[in-house]
Amino acid sequence: MRNRMKQQMAIGRNELKLIAVFSMLCDHIGCLFFSEAENVFLYSLLRIIGRLSFVLFCFVLVQGFLSTKNPVKYSSRLLFFALLSEIPFDLAFSHQLFSVTQQNVLFTFWIALLVLMALQRWEGCYWKEILAIVAGCVITWGMHTDYSFLGVLLVTNFYLFRFQKKQQMELAVVLLAMFGNGIEIFAILALPLCYYYAEEKNEKPLPKYFFYLFYPVHLLVLLGIKMLLF
């Protein structure tokens, strides 16, 4: 009966992606159109909903890595869209055409993906695996990427403990509690969705580049709306 209930609650990869996209949209609407001082309830609600997106995208990144036939092509595609998204990200959050103070989250995911490629290549050689994880953390921290080394740690956790769901979820809670700032603790609400992920769930394929393009395009659209309104 427990297995049957788990099957009924199973969530597919596309569903996780759509929830993550909706969550991210709410978060960015909260950031760009509201302030805590003017409307604390609406601002906080949108930001709390937005906390789900990062964890879900970390989890989905690992699933994509495990299923891809060409990790190099996968990483190249992610790097391309990270570069494409930087100007919209800087315009939206730094109000500059280009800023070195913070890089968009796709760079975090790209570096985390490189770490996964290293872990797969050096599987069983623990000192090399640790070196790859540490290097990824240092690079994201040095580049000032969004979510920094927490992204690398979450992604590697989802990868290394992919066969131990309970330990995977417990360590994710610890990481979010240790390195999340303030409202980031609400990101743990995304973990039950990850727990009930079912790789075998049949889904209709979604447009290949929809999720890559959504990130820079929605930032530009929101920025344009904000400029028209204010």
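Described below are features of the structure shown in this document.

About the thresholds
- Residue indices begin from 1 for each chain and proceed along its sequence in written order.
- Residue-level local features of this predicted model are given only where pLDDT is at least 70; pairs of side-chain atoms are given and counted only at 80 or more, and the full residue set underlies all totals for whole chains, interfaces and linings.
- Only heavy atoms go into the side-chain values, all of them from the structure, while hydrogens and water stay out.
- By the criteria applied, helices consist of DSSP H or I runs no shorter than four residues and strands consist of E runs no shorter than two, each listed in order from the N terminus.
- As defined in this context, the radius of gyration uses C-alpha atoms, and a globule is described by 2.2 Å times the residue total to the power 0.38.
- Buried residues are those whose accessible area, probed at 1.4 Å on protein chains only, stays under 20% of the maximum for their type, while exposed residues exceed 50% and partly exposed ones sit between those limits.
- Should any heavy atoms of two residues lie within 4.5 Å, those residues are counted as being in contact.
- Throughout, the Shrake-Rupley method with a 1.4 Å probe supplies accessible areas, and for residues the shown protein chains are the sole cover considered.
- For the purpose of charge, His is not counted, nor are the chain termini; Lys and Arg are scored as positive and Asp and Glu as negative.
- Throughout, a charge is located at the NZ atom of Lys, the CZ atom of Arg, the CG atom of Asp or the CD atom of Glu.
- Working definition: a ring pair exists when centres of Phe, Tyr or Trp rings (six-membered ring for Trp) sit within 6.5 Å. Plane angles under 30 degrees give stacked, over 60 give edge-to-face, the rest tilted.
- Residue types Ala, Val, Leu, Ile, Met, Phe, Trp, Tyr and Cys, when buried and joined through side-chain atoms within 4.5 Å, form a set referred to as a nonpolar core.
- Structural elements are reduced to axes, namely lines fitted to C-alpha atoms, with helices fitted over the stretch in contact, and the angle between N-to-C directions of any two is expressed from 0 to 180 degrees.
- Here is the rule for handedness: rotate from the far helix to the near one, and if that takes an anticlockwise turn smaller than a right angle the crossing is left-handed, while a clockwise turn gives right-handed.
- Note that Gly is not counted as nonpolar here; it falls among the polar residues with everything else outside the nonpolar set of Ala, Val, Leu, Ile, Met, Phe, Trp, Tyr, Cys and Pro and the charged set of Asp, Glu, Lys and Arg.
- Oblique is the label for any angle not covered by the other classes, which are roughly parallel (under 35 degrees), roughly antiparallel (over 145) and roughly perpendicular (65 to 115).
- A carboxyl oxygen of Asp or Glu within 4 Å of a side-chain nitrogen of Lys or Arg is what we treat as a salt bridge.

What follows deals with the overall build of the protein chain. Counting its regular elements, the protein chain contains ten helices and zero strands. Put simply, the protein chain runs from its N terminus to its C terminus through helices and strands in the order α-α-α-α-α-α-α-α-α-α. Taking 2.2 N^0.38 as the reference for a compact globule, 230 residues should give roughly 17 Å; the C-alpha atoms of the protein chain span a radius of gyration of 18 Å, in line with that estimate. Taking the principal axes of its C-alpha atoms as reference, the protein chain extends roughly 55 × 40 × 35 Å. Counting the 230 residues in the protein chain, one finds 45% classified as buried. Long-range contacts, defined as pairs at least 24 residues apart, comprise 72% of the intrachain contacts of the protein chain with a sequence gap of at least 6. Accessible area of the protein chain: about 12800 Å², with a carbon and sulfur share of 67%. Here the protein chain holds 19 positive side-chain charges and 14 negative ones, and the gap between their average locations is 10 Å.

This paragraph deals with the packing of aromatic side chains. The final tally for this structure, using the stated rule, is 15 aromatic pairs. Geometrically, the ring pair formed by Y195 and Y196 is edge-to-face, given 5.1 Å between the ring centres and 85 degrees between the ring planes. By relative accessible area, Y195 is classed as partly exposed at 27%. Judged by relative accessible area, which is 23%, Y196 ranks as partly exposed. Each ring, one from Y209 and one from Y212, has its centre 6.2 Å from the other, and the planes form 50 degrees; the classification is tilted. The buried category is assigned to Y212, whose relative accessible area is 15%.

The biggest cluster of nonpolar side chains holds 60 residues, and the ones touching the most others in it are V55, F109, L154 and F158. If sequence neighbours within four positions are ignored, F158 has contacts with V55, C58, F59, V62, Q168, M169, A172 and L191.

In this fold, S148 is placed in helix 7 (residues 148-160). In this structure S148 comes out as buried when scored by relative accessible area, which is 15%. Distance in space between the C-alpha atoms of S148 and L131 is 17 Å, their sequence separation being 17 residues.

With that out of the way, let us pick up the packing of helix 3 (residues 40-67) against helix 4 (residues 71-93). Viewed as axis vectors pointing N to C, helix 3 and helix 4 meet at an angle of 145 degrees, and their least axial separation amounts to 9 Å. The chirality of how helix 3 crosses helix 4 is right-handed. Seen from helix 3, the contacting residues are L61, G64 and F65; seen from helix 4, they are P71, Y74 and L78. Class assignment for the residues of the contact of helix 3 with helix 4 results in five nonpolar, one polar and no charged.

Relative orientation of the contacting elements helix 5 (residues 105-121) and helix 7 amounts to 40 degrees, with a least axis distance of 9 Å. The orientation of helix 5 relative to helix 7 falls into the category oblique. Taken as a pair, helix 5 and helix 7 cross one another with a handedness that is right-handed. Residue-level contacts link T108, I111, A112, V115, L116, L119 and Q120 of helix 5 to S148, G151, V152, V155, T156, Y159 and L160 of helix 7. Counted by class, the contact of helix 5 with helix 7 contains nine nonpolar, five polar and no charged residues.

Turning our attention to the pattern of salt bridges. Side chains that differ in sign of charge can pair as their charged atoms come close. Under the defined criterion, the tally for this structure stands at three salt bridges. Ionic pairing is found between D27 and R47, a salt bridge with its closest N-O pair at 2.5 Å. Taken together, the positions of D27 in helix 2 (residues 13-33) and R47 in helix 3 put the pair 20 residues apart, joining distant regions of the chain. Relative accessible area serves as the criterion here: at 8%, D27 is assigned to the buried category. With a relative accessible area of 14%, R47 lands in the buried category.

The next point concerns the side chain of E129. Note on placement: E129 falls in helix 6 (residues 126-143). Although E129 is buried, it makes no salt bridge; R162 carries the closest opposite charge, 8.5 Å away. Discounting residues that sit within four places of it in the chain, E129 has contacts with L119, W122, E123 and G124.

Geometric values such as these leave the question of function open.
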